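Residue strings, one per chain:
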Amino acid sequence: MNALISAFKDKQKIMFANEGRLLKKSFFGLLILVLAFQTGDFGDVIRESMVNAYLAVSVFVGFTLIVFIGLDSLTNFDIGSFLDKTKKLHVPIASFLGAIPGCGGAIIVVTQYIQGRISFGSLVAVLTATMGDAAFLILAMEPSTGLLIFCLGIVVGTISGYLVDLLHGTNFMMASSKIEIEFEKLKKTFVSKFNIFWMILFVPGFIVGLLLAFQIDVDKLLSLPSNISFVLILGSAGAILSIFMWSLNPLSDFQCSTDKSRGFVSRVVDTTNFVTTWVISGFLVFEIFMYFTNLDLKMFFDLWLPFVPLIAILFGFLPGCGPQIVVATFYLNGYIPLSAELGNAISNDGDALFPAIALAPKAAIMATIYSAFPALVVAYTYMIFFE
């Protein structure tokens, strides 16, 4: 998710171009696909991980994205006019927009801060509340946990924002740039031609994923021969197609999920492919590590349990949603506690950190540091009292 950001003296723009990105994505995607076609036990481990990632996670992420991106595509909201009328409520509004799954709401708030329309406390609030695209993964797999993080993000973000404004004043580090986000002029890409095939696999994949979630043996239900697995074929095809489409997509993952001028289906497909690739990467990191070391990772994390939330919080400082999806994947697989996931959810800023770093780097760094304090408080409070 590398963004090429250019700033001009008279008029600042955030421009997202594809230079160099496609080569990196292609290499990464090719590496995963090469591993998938290995023979022997190692190849079986890789393919099983990919199938599980697609049918147990990706199809539900895709469904969640259909709901949220569908709602986002239907709205025509003038945020500038709304903020002018609600100046006393900027902090809780920023927290709410940040807590919405994905990065769109948080990016709106960041750009409003850079234009000098909201306070530094509102910037802290939105970066504290946002969880980025990792929220889709949590919502898809554990809706109750996703709702908890959503509510917690709003509350913690609001409190943090008000405390910062109380400490520094509403004019602290007030920005005044004129800014507009300008994406590369590609509405449809080469991989958009494969959207129909993606949907053909997604529909039965979602149904099979539901059946597997209810512990139903799909292959037995279909009365297939013992040497043929519909689950394996469908899961492998879905995972491989997702990685293939992601690796050859010239657009940044940032644009895929936030550019409302693009088609609804393309936004859903491209964003799901991005999440799928990172989920598969998280699965593979764990499985390959276990294959060659036989280390009990759960025991390892349990041994260093007091430091796990701190490590997850430090991971949250990494820009972008990819590393946070890996952390969420480890939580969903039971290797790190919920306290660590809560700390990461509060400390991470998702894609919203990119425009903030580009045009207000000092404010972005300070806001990120400020978000670490509530992350530490929430993570270790939950660990002490509930784990």
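Procedures and definitions
Once a new chain begins, its residue numbering starts again from 1 and follows that chain's sequence as written. The model is predicted, so local features are restricted to residues of pLDDT at least 70 and side-chain atom pairs to those at 80 or more, both for listing and for counting; the totals for chains, interfaces and linings are taken over all residues. As a rule here, side-chain values come from all non-hydrogen atoms in the structure, and water together with hydrogens is ignored. Numbering goes from the N terminus for both helices and strands, where a helix is a DSSP run of H or I of at least four residues and a strand is a run of E of at least two. Buried, partly exposed and exposed residues are distinguished by accessible area as a fraction of the type maximum, computed with a 1.4 Å probe on protein chains only: under 20%, between the cut-offs, and over 50%, respectively. Here, two residues are considered to be in contact whenever any of their heavy atoms come within 4.5 Å of each other. For the accessible areas, the method is Shrake-Rupley and the probe is 1.4 Å, while residue cover comes only from the protein chains on display. Patch members must show over 30% relative accessible area and no salt bridge, and they are joined within 9 Å when carrying like charges or within 5 Å when they are nonpolar side chains of Val, Leu, Ile, Met, Phe, Trp or Tyr. Should a side-chain nitrogen of Lys or Arg be within 4 Å of a carboxyl oxygen of Asp or Glu, the pair is scored as a salt bridge. Working definition: rings of Phe, Tyr and Trp (its six-membered ring) pair if their centres are within 6.5 Å, and the pair is stacked with planes under 30 degrees apart, edge-to-face with planes over 60 apart, and tilted otherwise. The length a helix should cover is 1.5 Å for every residue beyond the first. As a rule, the C-alpha atoms of each element are fitted with a line to give its axis, helices using only the stretch in contact, and angles between N-to-C directions run from 0 to 180 degrees. Working rule for angles: under 35 degrees goes down as roughly parallel, over 145 as roughly antiparallel, 65 to 115 as roughly perpendicular, anything else as oblique. Should the near helix be turned anticlockwise from the far one by less than a right angle, the crossing is left-handed, and should it be turned clockwise, the crossing is right-handed. When residues are sorted by character, Ala, Val, Leu, Ile, Met, Phe, Trp, Tyr, Cys and Pro go into the nonpolar class, Asp, Glu, Lys and Arg into the charged class, and all the rest, Gly among them, into the polar class.

Student: So what's going on with the overall build of the chain? Residues and values would help.
Tutor: For the chain, the count of helices and strands is 19 helices and two strands. In the chain, which comprises 387 residues, the share counted as buried stands at 52%. Looking at the chain alone, contacts between residues at least 24 apart form 82% of all its contacts between residues at least 6 apart. Summed over all atoms, the accessible surface of the chain reaches about 17,800 Å², with 71% contributed by carbon and sulfur.

Student: Lay out a nonpolar patch on the surface with the relevant residues and their values.
Tutor: Among the surface-exposed residues, Phe289, Leu295, Phe300, Leu303, Trp304, Phe307, Leu310, Ile311, Leu314, Phe315, Leu318 and Leu376 lie close enough to one another that they form a single nonpolar patch of about 1,100 Å² accessible area. Elements with a minimum of two residues in the nonpolar patch: α14 (297-303) and α15 (308-316). With four residues, the single largest contributor to the nonpolar patch is α15.

Student: Explain helix α17 (residues 338-347) to me, using residue names and the numbers behind them.
Tutor: Burial analysis of α17 places 10 of its 10 residues in the buried class, which makes it a mostly covered element. Buried-residue contacts for α17 involve α6 (120-129), α7 (134-141), α8 (143-168), α15, α16 (322-332) and α19 (361-386).

Student: Please give an account of the packing of aromatic side chains that cites residues and values.
Tutor: To describe a pair of aromatic rings, one takes the distance between the centres and the angle between the planes. Summed over all chains, the structure comprises 21 aromatic pairs. Taken together, a centroid distance of 5.8 Å and an interplanar angle of 65° make the contact between Phe68 and Phe136 edge-to-face. With Phe68 in helix α2 (residues 40-74) and Phe136 in helix α7, this residue pair connects regions lying 68 residues apart in the sequence. On the basis of relative accessibility, which here comes to 27%, the residue Phe68 falls in the partly exposed class. Each ring, one from Phe190 and one from Phe194, has its centre 5.6 Å from the other, and the planes form 70°; the classification is edge-to-face.

Student: So what's going on with helix α13 (residues 264-293)? Which residues, and what values?
Tutor: The end-to-end C-alpha distance of α13, which contains 30 residues, comes to 44 Å, matching closely the 44 Å that a straight helix rising 1.5 Å per residue would cover. One or two residues past the end of α13 sits Asn294, with phi positive at roughly 60°.

Student: Break down the pattern of salt bridges for me, with residues and values.
Tutor: Applying the stated rule across the entire model yields one salt bridge. The partner of Arg47 in a salt bridge is Asp44, and the shortest N-O contact between them spans 2.9 Å. With Arg47 and Asp44 both in helix α2 and three residues apart, the pair spans about one turn of that helix. For Asp44, a relative accessible area of 42% gives the class partly exposed.

Student: Could you give an account of the environment of Leu139, naming the residues involved and the relevant values?
Tutor: Along the chain, Leu139 turns up in helix α7. Beyond its immediate sequence surroundings of up to four residues, Leu139 is in contact with Thr64, Phe68, Pro101, Gly146 and Leu147.

Student: Kindly report on the packing of α15 against α19, identifying the contributing residues and their values.
Tutor: As a packed pair, α15 and α19 sit with axes 10 Å apart at the nearest point and diverge in direction by 150°. As judged from the angle between their axes, α15 and α19 are roughly antiparallel. Crossing of α15 against α19: the hand is right-handed. Between α15 and α19, the residues in contact are Pro309, Leu310 and Ile313 and Ala375, Leu376, Ala379, Tyr380 and Met383, respectively. Taken together, the residues of the contact of α15 with α19 sort by class into eight nonpolar, no polar and no charged.

Student: Provide a residue-level description of the side chain of Ser160, including the pertinent values.
Tutor: Positionally, Ser160 belongs in helix α8. Other than its neighbours up to four places away in sequence, Ser160 contacts Val124, Thr128 and Pro374.

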